[in-house]
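A structural walkthrough
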Amino acid sequence: MNKPLLIGPFTQLLPMTGLPLKGALKDEQLPIIENGGILVSEGKILKVGVFKDLKSDDVDIHHIEGQNICLPGFVDSHTHICFGGTRARDYAYRNAGKTYLEIAKAGGGIWDTVTQTRKASQEQLVEGIISRSKKHLKNGVTTIEVKSGYGLSVDEELKMLRAIKQANETSNASLIPTCLAAHMKPKDWNQDKEYLDVIIKELFPIIKEENLAHRVDAFVEESAFSPEEIKPYFQKAKAMGFDITVHADQFTTGGSQVAVDFDAVSADHLEASTEKEIELLAKSNTIATALPGASIGLGCAYTPARKILDAGGALSIASDHNPGSAPMGDLLTQASILGTFEKLSNTEVLAGITSRAAAALRLTDRGKLEAGVQADFVIFPTDNYQEITYHQGQMKPNEVWKKGVPIH
Ligand code: NIG
Ligand code: FE
């Protein structure tokens, strides 16, 4: 057996441990290990501590030169990086002042991506996922949630979920699949059966059989599914043991109530949430997920992240990377910008893309640096962790490690 590998020394090591899951966080609460080191064996962390205390004849050493900061690999808890085509035309229309309805009428919107995704082969979808996940990985994201939702039929949703599974086999980043068959009502549905009924009866059992996902999502919104319409879908998903997550309160409210009613792992978007929804979420087990990339992409309000944290809620921050509302797909940039608009501490921003983001995916083996978890970490070329959000995503990690191996 190989000797354990000691990596370091790190000027500052931020383990992101010991922080509460919910509520506001001050930077004084952020644990920092000066001159830290990480001891790794077989892809997992054996120990985190002061570099010189971890040194011994029984370990190999990987020296990190110069001033540097180490923190857990980032977790992006909400993306749609499996898709075909582009929606650059929507973006131009939006910026020219066209309304959602006008864009949809001109052949844009989610349905445009559905059409383009259906035209793509599974192989082409795999290539797209891999190339986008490489970009995320370079920026320090080592775990990426990926949704279906541009298929909107049993076969096309399966094609997407199989593509995500296949991409996960070769991608250096971990991909966490989610079934979003309830993204919108398919415009071409011409059977006399209800769309969601078919999804429940035909798609869910195959997802279980082929182990394609353990999470189910829906877009609860006037333009997609109402709280009433979505009930049987989530009831069945829950009964089958899927984790629930909801696209909630993006333009109108109602989704966060659904999320809390179904004890969802997370409620994502929340740009339209009012005091009532904020209170509701703060009292629940459901993690609120802000998607600043969608606010930037659409030119809309940000999720009221400050209010959510002050009310005692848990806040994850994700990129929502998708061709329509969030084409940028740069988690650190977006989280840093959310921090400036919402007055978030560095600790709140960093927890939102590490420990709290892992919790939003119910992953207990990452998002923190401590014994027993995956050795996923990123190293930034600076001597002060405050520089990371200060550069608003323009400071890139020098090194990205996944399961104890340097990837980039
Ligand atoms: O999370 N809000 C619904 N779904 C996506 C947008 C998808 C698209 O426009 O293609 C979102 O923003
Ligand atoms: Fe989304």
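The name that an unreviewed UniProt entry assigns to the protein is Imidazolonepropionase, with the source organism given as Allomuricauda ruestringensis. Database annotation for the protein, UniProt heading Pathway (unreviewed entry): "Amino-acid degradation."

1. Some points on the overall build of the protein
In terms of regular secondary structure, the protein is built from 16 helices and 16 strands. Its C-alpha radius of gyration of 21 Å places the protein within 12% of the 22 Å reference for a compact globule of 408 residues. Projected onto its principal axes, the C-alpha coordinates of the protein cover approximately 70 × 45 × 40 Å. Across the 408 residues of the protein, 53% fall into the buried class. Partitioning the contacts of the protein with sequence separation of at least 6, the portion at a separation of at least 24 is 72%.

2. Regarding the packing of helix H6 (residues 154-170) against helix H7 (residues 195-209)
Look at H6 against H7: their axes get within 10 Å of each other, and the N-to-C directions meet at 30°. Put simply, H6 runs roughly parallel to H7. As H6 runs across H7, the sense of the crossing is right-handed. Residues Val154, Glu157, Leu158 and Leu161 of H6 form the contact with H7, whose own contacting residues are Val198, Ile199, Glu202, Leu203, Ile206 and Ile207. Each residue belonging to the contact of H6 with H7 can be placed in one class, and the counts come to eight nonpolar, no polar and two charged.

3. Some thoughts on the environment of leucine 281
Structurally, leucine 281 can be placed in helix H10 (residues 275-282). By the C-beta count within 10 Å, which is 29 here, leucine 281 ends up buried. Setting aside residues up to four positions removed in sequence, leucine 281 forms contacts with Ser256, Val260, Ala267, Thr286, Ala288, Ile308 and Gly313.

4. Things to note about the packing of H7 against helix H8 (residues 227-239)
At a minimum axis distance of 9 Å, the contact between H7 and H8 shows a crossing angle of 15°. Looking at the two axes, H7 sits roughly parallel to H8. The way H7 lies across H8 gives a crossing that is right-handed. Between H7, through Leu196, Ile199, Ile200 and Phe204, and H8, the contact on the second element is made entirely by Pro232, Tyr233, Lys236 and Ala237. Of the residues contributing to the contact of H7 with H8, the split by class is seven nonpolar, no polar and one charged.

5. Some thoughts on the site of ligand 1
In the region of ligand 1, 13 residues are neighbours, and Ile110, Ala294, Asn322, Gly324 and Ser325 sit closest. Class assignment for the residues of the shell around ligand 1 results in five nonpolar, seven polar and one charged.

6. Here's the deal with the sheet that holds strand E11 (residues 266-269)
The strand order E6-E7-E8-E9-E10-E11-E12-E13 describes an open sheet built from eight strands, whose pairing is parallel. One side of each edge strand has no neighbouring strand; the edge strands of this open sheet are strand E6 (74-76) and strand E13 (315-317). The average undirected angle you get between the axes of adjacent strands in this sheet is 25°. With five bridges connecting them, strand E7 (residues 141-147) and strand E8 (residues 174-182) associate as parallel partners. Looking at the pairing, isoleucine 144 lines up with leucine 175 of E8. Across the sheet, H8 is in contact with E8, strand E9 (215-219) and strand E10 (243-248); its angle to E9 comes to roughly 170°.

7. Comments concerning the domain arrangement of the protein
The domain boundaries assigned to the protein delineate domain 1 (5-73 + 368-406) and domain 2 (75-360). Inter-centroid distance (C-alpha atoms) of domain 1 to domain 2 is 29 Å. Across the boundary between the two partners, domain 1 contributes 27 residues, which contact 30 residues of domain 2. The set of elements that each furnish at least two residues to the side of domain 1 that touches domain 2 consists of strand E5 (69-72), helix H16 (386-390) and strand E15 (399-402). For the side of domain 1 that touches domain 2, the residue count by class is 13 nonpolar, seven polar and seven charged.

8. Some thoughts on H10
Residues of H10 that are buried include every one of Glu277, Ile278, Leu280 and Leu281, and no others. The buried residues of H10 occupy an angular sector of 160° when projected down its axis, which confines them to one face. Opposite the buried face of H10, by more than 90 degrees, sit the exposed residues Glu275 and Lys276. Taken together, the buried residues of H10 touch helix H9 (255-261), E11, strand E12 (287-290) and helix H12 (305-310).

9. Thoughts on helix H5 (residues 122-138)
Each turn of an α-helix holds 3.6 residues, which means side chains three or four residues apart point in the same direction. Between its first and last C-alpha atoms H5 spans 25 Å; for 17 residues at 1.5 Å apiece the expected length is 24 Å, and the two agree. Three or more residues of H5 are buried, namely Leu125, Val126, Gly128, Ile129, Arg132, Ser133, His136 and Leu137. Looking down the long axis of H5, one finds its buried residues gathered within 165° of arc, a one-sided arrangement. Of the exposed residues in H5, the ones pointing more than 90 degrees away from its buried face are Glu123 and Ser131. Those residues of H5 hidden inside the fold are in contact with E6, E7, H6, E8 and E15. In the segment just after H5, glycine 140 is the residue with positive phi, at about 100°.

Cut-offs applied
- Residues numbered from 1 in each chain as written.
- Chains lettered and ligands numbered in written order.
- Predicted model: local features only at pLDDT ≥ 70, side-chain atom pairs only at ≥ 80, totals over all residues.
- UniProt positions renumbered as here; feature names shortened; annotations may be inferred.
- Helix = DSSP H or I, 4+ residues; strand = E, 2+ residues; numbered from the N terminus.
- Rg over C-alpha atoms; globule rule 2.2 N^0.38 Å.
- Buried ≥ 20, exposed ≤ 12 C-beta atoms within 10 Å, placed from the backbone.
- Contact = placed C-beta atoms within 7 Å.
- Axes fitted to C-alpha atoms, helices over the stretch in contact; angles between N-to-C directions.
- Parallel < 35°, antiparallel > 145°, perpendicular 65-115°, else oblique.
- Left-handed = near helix turned anticlockwise from the far one by under 90°.
- Nonpolar A, V, L, I, M, F, W, Y, C, P; charged D, E, K, R; others polar.
- Near = placed C-beta within 6 Å.
- Pairing = 2+ DSSP bridges.
- Domains from an automatic or database assignment.
- Arc of directions from axis to C-beta.
- Expected span 1.5 Å × (residues − 1).

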